[in-house]
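The lines below spell out each chain.
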Amino acid sequence: MTTKIAIFGVGLIGGSLALCFKGKEGLTVVGHAHRPELAQKYISRGVVDSATLSVEEAALDADFIFLCVPVGLLEEYLIQLSKLPLKPGCIITDVGSTKASIAACALTLDLPDVHFIGGHPMAGSERSGVEAASSLLFENAYYVLTPPPDVPEEAYRSLSSLLLHTKAQIVRLDPEHHDEIVGAISHLPHIIAVALVNQIHAYDNKDSLYSTLAAGGFRDITRIASSDPVIWRDILLNNRSVMLRLLKDWNQEVDAFIGLLEAGDGTGIEQAFHEANSFRSQLPERRKGIITPLFDLHIDVPDHPGIIGRIATELGDQGINLSNVQIIESREDVPGIMRLSFRQETDMERAKILLQQRDYTVYV
Ligand SMILES: NC(=O)c1ccc[n+]([C@@H]2O[C@H](COP(=O)([O-])OP(=O)(O)OC[C@H]3O[C@@H](n4cnc5c(N)ncnc54)[C@H](O)[C@@H]3O)[C@@H](O)[C@H]2O)c1
Ligand SMILES: O=C(O)C(=O)C[C@]1(C(=O)O)C=C[C@@H](O)C=C1
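Under an unreviewed UniProt entry, the name given to the chain is Prephenate dehydrogenase, and the source organism is Paenibacillus agri. Its UniProt record, at the heading Sequence similarities (unreviewed entry), says of the chain: "Belongs to the prephenate/arogenate dehydrogenase family." UniProt lists a comment for the chain under the heading Pathway (unreviewed entry), and it reads "Amino-acid biosynthesis; L-tyrosine biosynthesis; (4-hydroxyphenyl)pyruvate from prephenate (NAD(+) route): step 1/1."

This is the structure:
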């Protein structure tokens, strides 16, 4: 028996999910496209097994339906699906960056023997479209699921099992709680990045040295300002009441800094940096929390090609399991820092000794 997975909106997130499922034993992936050229593209890039422009053809005999369109379209699709004779036991989920409104919409619908479970993979990028899709996008990321209280546990388990293919870790949350937290740690940073870039752009219009000198700090904090405008319009409008509260708190943070500077309060400024540093260094990757922690090493790396491969091979040769690698660039022509993440503390300890023996500068 083949399990059919229908993906509506095969872009960055839908395409990445499709790549996680496609080719796995017993799974077949159909992509729904709203324009013919997109259906062609999904097939030619090998992201789905088949593609269709018909909602019915994609949905009718599907076991799982993933809605991966912009947040502003999710409810429209869910309502349309609720009017179709879907396969009994079918699980509909979504990947929208907000969860309360789609959960509320699902509660108003008559979905006999069909279960809706909201979802949100906490991974992504500033890129969009199927061109940016990757089967590795969700590896080691958190994947939030927001099952309604009356959803059968079996349906929840079935979706969680399917999502094992993403190598993400499932976190179960209430939709409103999700929107508060994700508003703060994802949506607010996007607003701040965009506002900052636009502020500097205005200065740069009068003096182009602003963009010439913009270095690591500006680039690090503003990467997400290049995110897709339509995707983010929908997210921010959908989470509007949370965002308005968070922006008022943000104003207070800005006012506090204004106060410190006006008062020439050096101790206060140091204190603000100390506090931020200590919280940031405890972000969940390192903390023992609701999900398996990662153990990180940072090493200085020279900026030359092949360095990631060389280090990964050296560790692999010693049977040390590496979970994730990231280069944290400061500037393109100077040495960067490589972050190596391990699931097991013992792997981290062994990697540290090996890399020190190879004369790398290693920080835990
Ligand atoms: N970008 C991220 O980092 C990220 C992370 C997690 C979740 N999400 C959520 O995932 C969803 C998709 O975002 P994405 O980043 O993959 O965007 P994307 O632009 O890469 O993909 C959007 C998909 O929706 C389709 N689409 C657009 N307009 C449509 C329309 N009118 N009718 C039908 N289909 C249409 C597009 O063809 C595309 O396949 C959003 O709900 C977003 O909130 C995004
Ligand atoms: O890494 C990025 O570029 C992202 O914007 C990913 C990010 C985030 O803010 O962390 C963005 C939106 C999501 O819904 C989830 C994750």
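Next comes the rest of the write-up.
Here the structure, examined in full by the defined rule, presents eleven salt bridges. Glutamate 131 serves as the salt-bridge partner of lysine 41, at 2.4 Å between the closest nitrogen and oxygen. With a gap of 90 residues between them, lysine 41 in helix α2 (residues 36-44) and glutamate 131 in the loop between β6 (115-121) and β7 (142-146) connect regions that are remote in the sequence. A salt bridge links aspartate 63 to lysine 87, with the nearest nitrogen and oxygen atoms 2.9 Å apart. On the criterion of sequence distance, the pair formed by aspartate 63 in the loop between α3 (55-59) and β4 (64-67) and lysine 87 in the loop between α4 (71-82) and β5 (91-94) is long-range, its members being 24 residues apart. Residue aspartate 63 is classed as buried on the basis of its relative accessible area of 18%.

In this model, helix α14 (residues 345-357) (13 residues) spans 19 Å end to end at C-alpha, consistent with the 18 Å of a helix rising 1.5 Å per residue. Where α14 is concerned, the buried positions are Asp347, Met348, Ala351, Leu354 and Leu355. The buried residues of α14 occupy an angular sector of 130 degrees when projected down its axis, which confines them to one face. Residues of α14 that are exposed and angled more than 90 degrees away from the buried face: Thr346 and Gln357. Considering only its buried residues, α14 is in contact with β9 (295-301), α13 (307-317), β11 (336-342) and β12 (362-363).

This brings us to the environment of leucine 246. Of note, leucine 246 is situated in helix α11 (residues 240-263). Along the backbone, leucine 246 and glycine 217 are 29 residues apart, and their C-alpha atoms lie at a distance of 24 Å.

By size, the foremost hydrophobic cluster in this structure holds 36 residues, and its most contacted members are Ile7, Leu17, Phe21 and Phe66. Of all elements in the fold, only β1 (3-8), α1 (12-21), β2 (27-32), α2, β4, β7 and α6 (153-162) reach the threshold of two or more residues within this core. With residues up to four places along the chain from it excluded, the contact list for phenylalanine 66 reads Ile5, Ala6, Ile7, Phe8, Leu17, Phe21, Thr93, Tyr143, Leu159, Leu162 and Leu163. Core analysis: the second largest hydrophobic core is formed by 28 residues, Ile65, Val69, Tyr77 and Leu78 among them.

Our next topic: the site of ligand 1. In the neighbourhood of ligand 1, 26 residues make up the surrounding shell, with Leu12, Ile13, Val69, Ser97 and Gly129 lying closest. The separation between an oxygen atom of ligand 1 and a polar side-chain atom of tyrosine 42 is 3.4 Å. Contact between ligand 1 and serine 125: an oxygen atom at 3.2 Å from a main-chain N or O atom of the residue. Protein coverage of the free-state accessible area of ligand 1, which is 830 Å², stands at 83%. Breaking the shell around ligand 1 down by element, the ones donating at least two residues are α1, α2, α4, β6 and α10 (229-238). At three residues, α4 tops the list of elements feeding residues into the shell around ligand 1.

With that settled, the discussion passes to the side chain of aspartate 347. Note that aspartate 347 resides in helix α14. Excluding residues within four positions of it along the chain, aspartate 347 makes contact with Gly319, Ile320, Asn321 and Phe342.

Across the interface, α11 lies against helix α12 (residues 266-280) with an axial gap of 9 Å and an inter-helix angle of 145 degrees. On α12, the residues that touch Phe257, Leu260 and Leu261 of α11 are Gly268, Ile269, Ala272 and Phe273. Split into classes, the residues belonging to the contact of α11 with α12 amount to six nonpolar, one polar and no charged.

Ser97, His120, Gly124, Ser125, Glu126, Ser186, His190, Arg223, Ile224 and Trp232 make up every residue found near ligand 2. One nitrogen or oxygen atom from the side chain of serine 97 is found 2.6 Å from an oxygen atom belonging to ligand 2. Each residue belonging to the shell around ligand 2 can be placed in one class, and the counts come to two nonpolar, six polar and two charged. When residues are assigned to domains, the shell around ligand 2 turns out to be shared by domain 1 (3-173) and domain 2 (178-280), each giving three or more.

Within the secondary structure, glutamate 56 is located in helix α3. Classification of glutamate 56 by relative accessible area gives partly exposed; the value is 36%.

What follows covers the packing of aromatic side chains. To describe a pair of aromatic rings, one takes the distance between the centres and the angle between the planes. Applying the stated criterion across every chain, the model contains four aromatic pairs. With a centroid separation of 5.5 Å and 45 degrees between ring planes, the pair formed by phenylalanine 21 and phenylalanine 66 is classed as tilted. With phenylalanine 21 in helix α1 and phenylalanine 66 in strand β4, this residue pair connects regions lying 45 residues apart in the sequence. The exposure classification of phenylalanine 21 matches that of phenylalanine 66, with both residues buried. Taken together, a centroid distance of 5.4 Å and an interplanar angle of 45 degrees make the contact between tyrosine 203 and tyrosine 210 tilted. Overall, tyrosine 210 belongs to the partly exposed group, its relative accessible area being 38%. Taking the ring centre of tyrosine 156 as reference, the NZ or CZ of arginine 172 above it sits at 4.1 Å.

Analysis parameters
Residues numbered from 1 in each chain as written. Chains lettered and ligands numbered in written order. Predicted model: local features only at pLDDT ≥ 70, side-chain atom pairs only at ≥ 80, totals over all residues. Heavy atoms only, no water. UniProt positions renumbered as here; feature names shortened; annotations may be inferred. Salt bridge = Lys/Arg side-chain N within 4 Å of Asp/Glu carboxyl O. Helix = DSSP H or I, 4+ residues; strand = E, 2+ residues; numbered from the N terminus. Buried < 20%, exposed > 50% of the residue type's maximum accessible area, 1.4 Å probe, protein only. Expected span 1.5 Å × (residues − 1). Arc of directions from axis to C-beta. Contact = heavy atoms within 4.5 Å. Core = buried A, V, L, I, M, F, W, Y, C linked by side-chain atoms within 4.5 Å. Near = heavy atom within 4 Å. Polar contact = N/O pair within 3.5 Å; in protein donor to acceptor, adjacent residues only side chain to side chain. Areas by Shrake-Rupley, 256 points an atom, 1.4 Å probe, with all protein chains shown as cover. Axes fitted to C-alpha atoms, helices over the stretch in contact; angles between N-to-C directions. Nonpolar A, V, L, I, M, F, W, Y, C, P; charged D, E, K, R; others polar. Domains from an automatic or database assignment. Phe/Tyr/Trp six-rings, centres within 6.5 Å; stacked < 30°, edge-to-face > 60°. Lys NZ or Arg CZ within 6 Å of the ring centre and 35° of its normal.

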